[in-house]
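This is what each chain is made of:
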Amino acid sequence: MPTRIGDLLRPWVCSVCETQSVEAAQQALTRAQSDMVIIRDLRDRPLGILTREDLRAFKASHPHEWARRRCAAIVTQMPALLDAEDPVEACVSYYRDHGVRPVVIFAGQEPVGVLHPTDVFQWCAQRDGAVVEELADRARSTDHRRPPLELAPAGNTR
């Protein structure tokens, strides 16, 4: 029987609302000693994930303005949803289509955890080394990452 995504889930450790500042996301990561923070919309649903690397890159490209920017402005939103009952191969397809990033996983409409690329890579390594290499190449590429955000005029936070 194929492995389900739900078999590889990690709990989600911390989250902030999309209207909170990037500094608030940084503080949440520090408090939780996590490498990612979930960004929630105004209805408390996950929009996407900011990683330490996302924050590091944003801070470097906007050294004076980064702290006051809103999380909604920099989060990479999830273009599709994955379910805990989906086979892990569904995540491999997701990574091929949308890039290799941590993904919030749902059970129906409810978020139940985070699927980290490391866990998917380990699963693939036990089955097909060629897929691991393909995903590693995809993870190293930058075509799935948004370019650094250009700051909007003062007063506009989106």
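Everything discussed here concerns the structure shown above.
Not measured: the values here are computed from a predicted model.

A. Geometry of the sheet that holds strand 3 (residues 46-51). Strand order in the open sheet made by the four strands is 1-2-3-4, with mixed pairing throughout. A single partner strand is all that each edge strand has here, and the edge strands are strand 1 (15-17) and strand 4 (76-77). Note that strand 1 and strand 2 (residues 36-40) share three bridges and pair parallel. What sits directly across from Val-16, in strand 2, is Ile-39. Sitting on the sheet, helix 1 (residues 22-32) touches strand 1, strand 2 and strand 3, and the angle it makes with strand 2 is about 135 degrees.

B. Molecular detail of the packing of helix 1 against helix 2 (residues 52-61). Two elements in contact, helix 1 and helix 2, have axes separated by 11 Å at closest approach and are oriented at 140 degrees. The angle between helix 1 and helix 2 falls in the class oblique. For the pair helix 1 and helix 2, the crossing hand works out as left-handed. On helix 2, the residues touching Val-22, Ala-25, Gln-26, Leu-29 and Thr-30 of helix 1 are Arg-52, Leu-55, Phe-58 and Lys-59. Its residues assigned to classes, the contact of helix 1 with helix 2 comprises five nonpolar, two polar and two charged.

C. Just the nonpolar core, in detail. Among the nonpolar cores identified, the biggest contains 28 residues, and Tyr-95, Val-120 and Cys-124 are the most heavily contacted of them. If you list the elements that add at least two residues to this core, you get strand 2, helix 3 (88-98), strand 6 (103-107), strand 7 (110-115), helix 4 (117-125) and helix 5 (129-140). Counting residues per element, this core draws most heavily on helix 3, which supplies five residues. Those residues in contact with Tyr-95 that sit more than four places away from it in its chain are Val-100, Arg-101, Val-103, Leu-115, His-116, Pro-117, Val-120, Leu-135 and Arg-138.

Analysis parameters
Residues numbered from 1 in each chain as written. Predicted model: local features only at pLDDT ≥ 70, side-chain atom pairs only at ≥ 80, totals over all residues. Heavy atoms only, no water. Pairing = 2+ DSSP bridges. Helix = DSSP H or I, 4+ residues; strand = E, 2+ residues; numbered from the N terminus. Contact = heavy atoms within 4.5 Å. Axes fitted to C-alpha atoms, helices over the stretch in contact; angles between N-to-C directions. Parallel < 35°, antiparallel > 145°, perpendicular 65-115°, else oblique. Left-handed = near helix turned anticlockwise from the far one by under 90°. Nonpolar A, V, L, I, M, F, W, Y, C, P; charged D, E, K, R; others polar. Core = buried A, V, L, I, M, F, W, Y, C linked by side-chain atoms within 4.5 Å. Buried < 20%, exposed > 50% of the residue type's maximum accessible area, 1.4 Å probe, protein only.

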